[in-house]
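Chain by chain, the residues:
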Amino acid sequence: PDYAGRFVFIGDDGQADLAAAEGMLKMRSRVPLVGGNRVVPKPLMAFVAIKACFGHFGRVVSDMEKLTAVQRIRTAHPAMQKPPGIACATAPRHHRFFYFGDYSDLARQLADAGWLSPEQHDAVQRAVIRDSLPSPLAFAEACDLRGLKGALQAKQEKWLHEADEAELEAFVQAHQMLAALEEVHLRLGAPPKDASKLRLHIVSVTLGEQTWPSVASVAARQEDQLAAQAAVPRLTLWDASPGAKSKYFEVMGSKELEVPWPCQMLMTQRAQPA
């Protein structure tokens, strides 16, 4: 009973949440009056909010349908006059049902009804802006160095200090991958306009604790030309972008990898050497 009137529910209209919301608004808790033996029914839910997703036959709910539903449900479940723990005591009517398009819209409606203070409303709007920015972690996992740098910069400029734990964890994880992506990216100067091929000369390779050329391969090169050729690793270039269908290029026993130009996989910014 102590928490009656402090619960909220936020759902969408795609899986019968609208019908469930009306049932929740009917729920009451029997709260005893102070200094007396009588109990009075008190609404259990402070408010419910439904995100507009689907109407009949899977179509998006129209503004008129939302307005009709709001008027009907608010008439059946009137606004609270003095709800407990409200953010804005000066709001004339604290409505208990909201139909919203996105969370920016919901924040505006809740602020107008007094459930959110102006400061809380502004914080939600800033969070909506951050959530609309590209995910740095998605760029990192796609090996997109330019996209990752841009996404990290954009996040830092949009009130990152207000981000929640999940946002901060994803940001830190993506930032930790930045150095590794910079190391594996190959920066190419602009080839001549009439170029038809690119020849990539491999100088050295480092994978974890393995390096090439190693001391053993250098010694083999000095003693035996055939052994030196065998010591050169297999070089492969393939497109790691999702759904890529371009062919890969591979050479063994040579430090040069030749590809045609223009080369689609190099221009996607997601080609990976090995």
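Bear in mind the structure is a predicted one, so any value in this text is a computation, not a measurement.

Under the counting rule described, the total for this entry stands at 7 salt bridges. For Glu162, the salt bridge goes to Arg126, with nearest N and O atoms at 2.9 Å. Within this pair, whereas Glu162 is found in the loop between helix H6 (145–157) and helix H7 (165–184), its partner Arg126 is found in helix H4 (residues 118–132), the two being separated by 36 residues in sequence. The partner of Glu167 in a salt bridge is Arg130, and the shortest N-O contact between them spans 3.2 Å. Taken together, the positions of Glu167 in helix H7 and Arg130 in helix H4 put the pair 37 residues apart, joining distant regions of the chain. Each member of the pair, Glu167 as well as Arg130, is classed as buried.

Before going further, it helps to examine a negative patch on the surface. Taken together, the side chains of Asp131, Asp164, Glu165 and Glu169 present a region of like negative charge at the surface. Counting through the fold element by element, Glu165 comes out in helix H7.

Among the 7 residues of strand S4 (residues 45–51), 6 are classified as buried, and the element is accordingly described as predominantly covered. Summarising the sheet, strand S1 (residues 7–12) and S4 pair through 6 bridges and their orientation is parallel. Note that in S4 the partner of Phe9 across the bridge is Val48. Looking at chain direction, S4 and strand S5 (residues 97–100) are connected through 4 bridges and run parallel.

On to the side chain of His77. By the secondary structure assignment, His77 is in the loop between helix H2 (63–76) and S5. Residue classification places His77 among the buried positions, given a relative accessible area of 8%. Those residues in contact with His77 that lie beyond four places of it in its chain are Glu22, Leu25, Lys26 and Arg96.

The next point concerns unusual backbone geometry. Backbone torsion omega between Trp261 and Pro262 reads 5 degrees, so that peptide bond is classified as cis. Along the chain, Pro262 falls in the loop between strand S11 (256–260) and helix H10 (264–267). For Cys143, which is not a glycine, the phi torsion comes out positive at approximately 60 degrees. Mapped onto the secondary structure, Cys143 falls in the loop between helix H5 (136–141) and H6.

Time to look at the sheet that holds S5. The strand order across the open sheet formed by 3 strands is S1-S4-S5, and the pairing between neighbours is parallel. Of all the strands in the sheet, the pair left with one neighbour each is S1 and S5. Adjacent strand axes in the sheet meet at a mean angle of 15 degrees, parallel and antiparallel pairs treated alike. Strands S1, S4 and S5 of the sheet are contacted by helix H1 (residues 17–26), whose axis makes an angle of about 170 degrees with S4.

Before going further, it helps to spend a moment on the packing of aromatic side chains. Enumeration over the complete set of coordinates arrives at 4 aromatic pairs. Pairing Phe47 with Phe98 gives two aromatic rings, centres 5.6 Å apart and planes at 90 degrees, and the pair type is edge-to-face. A residue pair is termed long-range when its members are at least 10 positions apart, and Phe47 in strand S4 and Phe98 in strand S5 qualify at 51 residues. Ring geometry for Phe47 versus Trp115: centroids 5.2 Å apart, planes at 50 degrees, classification tilted. In this pair, Phe47 sits in strand S4 while Trp115 sits in the loop between helix H3 (103–112) and H4, placing the two residues 68 residues apart along the sequence. Grouping residues by exposure puts Phe47 and Trp115 together as buried.

The end-to-end C-alpha separation of H2 is 20 Å, in line with the 20 Å expected for 14 residues at 1.5 Å each. Burial in H2 covers these residues: Lys66, Ala69, Val70 and Ile73. Taken around the axis of H2, the buried residues stretch over an arc of 100 degrees, which confines them to a single face. When the buried face of H2 is taken as reference, the exposed residues oriented beyond 90 degrees from it are Met64 and Thr75. In the core, the buried residues of H2 are packed alongside H1 and S5.

Reading the values: the criteria
- Residues numbered from 1 in each chain as written.
- Predicted model: local features only at pLDDT ≥ 70, side-chain atom pairs only at ≥ 80, totals over all residues.
- Heavy atoms only, no water.
- Salt bridge = Lys/Arg side-chain N within 4 Å of Asp/Glu carboxyl O.
- Helix = DSSP H or I, 4+ residues; strand = E, 2+ residues; numbered from the N terminus.
- Buried < 20%, exposed > 50% of the residue type's maximum accessible area, 1.4 Å probe, protein only.
- Patch = residues over 30% accessible without salt bridge, like charges linked within 9 Å, V, L, I, M, F, W, Y side chains within 5 Å.
- Areas by Shrake-Rupley, 256 points an atom, 1.4 Å probe, with all protein chains shown as cover.
- Lys, Arg positive; Asp, Glu negative; His and termini not counted.
- Charge placed at Lys NZ, Arg CZ, Asp CG, Glu CD.
- Pairing = 2+ DSSP bridges.
- Contact = heavy atoms within 4.5 Å.
- Axes fitted to C-alpha atoms, helices over the stretch in contact; angles between N-to-C directions.
- Phe/Tyr/Trp six-rings, centres within 6.5 Å; stacked < 30°, edge-to-face > 60°.
- Expected span 1.5 Å × (residues − 1).
- Arc of directions from axis to C-beta.

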